[in-house]
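Geometric and topological summary
Here are the chains, one letter per residue:
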Amino acid sequence: MKEIDNPIPSEKRWEISAAQNNDVMFAYELAIRRAVPGKMKDLEDETRELWKRIGKKRGLEAREMCSAPETAIGVAEAMNAYSNSIFGNRFGYEIRPGRGDSAFAVAVNCPLMAKSEKCLNESLTARSICMNYTLSAIEGINPDYAASYEKQMCMGDGKCIMKIEKRF
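Conventions we followed
Counting restarts for each chain, with residues numbered from 1 along the sequence as it is written. Restriction of local features to residues with pLDDT of at least 70 applies here, the model being predicted, together with a cutoff of 80 or more for giving and counting side-chain atom pairs; totals for whole chains, interfaces and linings are based on all residues. Neither water nor hydrogens contribute to the side-chain values; these are computed over all heavy atoms in the structure. Think of a nonpolar core as a cluster: buried Ala, Val, Leu, Ile, Met, Phe, Trp, Tyr and Cys residues, connected wherever their side-chain atoms sit within 4.5 Å. Working definition: with a 1.4 Å probe on protein chains only, accessible area under 20% of the residue-type maximum means buried, over 50% means exposed, and in between means partly exposed. Numbering of helices and strands runs from the N terminus, with a helix taken as a DSSP run of H or I at least four residues long and a strand as a DSSP run of E at least two residues long. Contact definition: two residues touch when any of their heavy atoms are within 4.5 Å. For two strands to count as paired, DSSP must find a minimum of two bridges between them. Note on geometry: axes are lines fitted to C-alpha atoms, helical ones only across the stretch in contact, with angles between N-to-C directions running from 0 to 180 degrees. Only the six-membered ring of Trp is used, alongside the rings of Phe and Tyr, when aromatic pairs are assigned; centres must lie within 6.5 Å, and planes under 30 degrees apart are stacked while those over 60 apart are edge-to-face, with the rest tilted.

Points about the nonpolar core
Met79, Tyr93, Leu112, Ile138, Met162 and Ile164 are the most contacted members of the largest nonpolar core, which has 36 residues in total. If you list the elements that add at least two residues to this core, you get helix H1 (10-35), helix H2 (40-65), helix H3 (72-87), strand E2 (102-107), helix H4 (111-120), helix H5 (124-141), strand E3 (145-151) and strand E4 (160-166). The leading source of residues in this core is H3, at eight residues. Residues contacting Met79, with those up to four places away along its chain left out, are Tyr93, Tyr133, Thr134, Ala137, Ile138 and Ile141.

Laid out in structure tokens, this is it:
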């Protein structure tokens, strides 16, 4: 294979790749809605399971690449690094320590919700994707930890706050 002398800076290529990834996800959602109107309810269970499987796989990859984090802060940092890689360099969490072995990941910008609103005129699809994907990804990063949302932009909150804590 011939190597390409690419004039596009690597930072811009990353941004293009992340945007393409987000576009494709909603293009398929929109295509299904148009092809089989009224049938999305029938497909919801399968879609949820698909996003859980994808999340788990991405979480396992993040675990491997981020040296198998063993604390809530480490799990949050691994999720942050991986989410930033998927959604682009403008996305990221502010990570705050919680009590004991817990952490909060706070996001004030969600490209997934923005794309859902732009393509589908609603944010609940982003919520479904995010919850199923993210909660499974956290489990893939370290199955000893679980995540829950305290606030969600797609539900009208001004930011997302995800709590990551050790399972008991």
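Thoughts on the sheet that holds E2
Strand order in this open sheet of four strands is E1-E2-E4-E3, and the pairing throughout is antiparallel. Each having just a single partner strand, strand E1 (94-97) and E3 make up the two edges of the open sheet. Between one strand and the next, the sheet's axes are offset by a mean angle of 25 degrees, whatever the strand orientation. Here H3 sits on the sheet and contacts E1, E2, E3 and E4; the angle it forms with E1, its principal contact strand, is near 175 degrees. Taken strand by strand, H5 contacts E3 and E4, and its axis lies near 145 degrees from that of E3.

Observations concerning the packing of aromatic side chains
The final tally for this structure, using the stated rule, is two aromatic pairs. The interplanar angle of 80 degrees and the centroid separation of 6.4 Å between the aromatic rings of Trp51 and Tyr133 together place this pair among those described as edge-to-face. Of this pair, Trp51 sits in helix H2 while Tyr133 sits in helix H5, placing them 82 residues apart in sequence. This pair shows no difference in class: Trp51 is buried, exactly as Tyr133 is. Between the aromatic rings of Phe91 and Tyr93, the centroid separation amounts to 5.3 Å while the plane-to-plane angle is 75 degrees, which identifies the pairing as edge-to-face. With respect to burial, Phe91 and Tyr93 carry one shared label: buried.

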